[in-house]
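Reading the structure
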Amino acid sequence: MTKQETLQQIRTNGLIAVLRGPSPELTLKMVDALVAGGVNSIEITLSTPDAYAVTAKVAVKYQDQIVLGMGTLTEVSDVDKAVAAGARFLVSPVCEPNLVKAMVASGLVTMAGALTPTEVLATYRMGADVVKLFPGSLVGPSYIKSLHGPFPQIPLMPTGGVSVDNVAAWLQAGAVAVGAGSELCSSALARSGQFDKITEVARHFVAAVKAIRQE
């Protein structure tokens with residue numbers, strides 16, 4: 001799958017599960033539960049134990065069935081490791097120039113974090129395909145509408161504060177997709193073995209995205 005095809009798939013799915021698993025074994029089970037619930041874009045963060053190895057296993061198991069990425073990249077050295085693990089998109093919570101340059105140079109879909117208008121524009125000019133609006137909980141959906149006034153060309157994706165109750169509002173405001181963490185894939189549920197509950201929550205999120213896209 002090409003970079004543009006990956007980006008289009010992310011846009012179509014509209015929802016990325018931001019997965020911070022408590023252990024390698026539980027993280028793999030969380031991925032299975034999310035896929036069972038219809039979530040087809042999954043970001044495994046570097047805060048997950050053995051994140052690269054986990055990503056590699058998921059990449060082999062699901063291949064093109066899902067769009068798999070790695071997130072919480074903060075060092076240039078993270079980029080090559082994520083590529084080698086099989087990631088198809090890369091996500092950072094920051095817009096540090098050297099890091100973003102390395103992410104863009106990888107040839108993968110690049111999402112770098114920003115919050116202020118100055119950061120948003122700078123991140124896009126560095127070559128990010130999508131600007132990750134982080135933390136979204138500080139601003140809310142109306143902030144995307146405000147940013148799209150001066151920056152209608154910049155794709156924005158909020159992460160942080162995204163719930164099944166407000167996912168529609170984010171998408172209606174103009175987000176190309178949303179990144180959902182603990183509200184979608186709870187580590188607490190994984191620790192207690194409630195993977196069926198993770199699947200149920202995933203179905204609700206996916207339904208909310210589909211409903212707004214069909215309006």
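Predicted, not measured: the structure shown is a model, and the values here were computed from it.

A look at the side chain of Thr55
One can find Thr55 in helix H3 (residues 51-62). Of the residues examined, Thr55 reaches a relative accessible area of 0% and is grouped as buried. With near-sequence residues (within four places) excluded, Thr55 lies in contact with Ile44, Leu68, Met70, Ala85 and Ala87.

Side note on the layout of surface pockets
When its volume is computed, the largest pocket comes out at roughly 200 Å³. Along its surface, the largest pocket is lined by 15 residues, and Val18, Arg20, Ala180, Gly181 and Ser182 are the ones closest to its centre.

Section: helix H5 (residues 97-105)
Taken residue by residue, H5 has Leu99, Val100, Ala102 and Met103 as its buried positions. Take H5 and look down its axis: the buried residues cluster within an arc of 160°, on one side only. Structural note: H5 exposes Asn98, Lys101 and Ala105 on the side pointing more than 90 degrees away from its buried face. Residues of H5 that are buried sit in contact with helix H4 (76-85), strand S4 (89-92) and strand S5 (109-114).

Let's talk about H4
Of the positions making up H4, those classed as buried are Asp78, Val79, Ala82 and Ala85. End-on view of H4: buried residues confined to an arc of 135°, all on one side of the axis. Facing away from the buried surface of H4 by more than 90 degrees, the exposed residues are Asp80 and Ala84. Contact partners of the buried residues in H4: H3, strand S3 (67-71), S4 and H5. The positive-phi residue at the C-terminal boundary of H4 is Gly86, with phi of around 110°.

Overview of the pairing of S5
Within S5, 6 of the 6 residues are buried, leaving the element largely enclosed by the surrounding structure. Neither face of S5 is exposed, since Val109, Met111 and Gly113 on one face and Thr110, Ala112 and Ala114 on the opposite face are all buried. Sheet topology note: the S4/S5 ladder contains 4 bridges and is parallel. Across the sheet, the residue bridging to Val91 is Met111, located in S5. Following the chain from S4 across H5 to the adjacent parallel S5, one finds a crossover that is right-handed. Bridging between S5 and strand S6 (residues 130-133) involves 4 bridges; their strand directions are parallel. Among the inter-strand pairings, Gly113 is bridged to a residue of S6, identified as Lys132.

About the thresholds
- Residues numbered from 1 in each chain as written.
- Predicted model: local features only at pLDDT ≥ 70, side-chain atom pairs only at ≥ 80, totals over all residues.
- Heavy atoms only, no water.
- Helix = DSSP H or I, 4+ residues; strand = E, 2+ residues; numbered from the N terminus.
- Buried < 20%, exposed > 50% of the residue type's maximum accessible area, 1.4 Å probe, protein only.
- Contact = heavy atoms within 4.5 Å.
- 1 Å grid on protein atoms, 1.4 Å probe; cavity = no way out; pocket = protein on both sides within 12 Å on 5 of 7 lines; lining within 4 Å.
- Points joined across faces, edges and corners; volume = space filled by probe spheres on them.
- Arc of directions from axis to C-beta.
- Pairing = 2+ DSSP bridges.
- Right-handed = clockwise from strand over helix to strand, strands pointing away.

Note that all results are geometric; they support no functional claim without further evidence.
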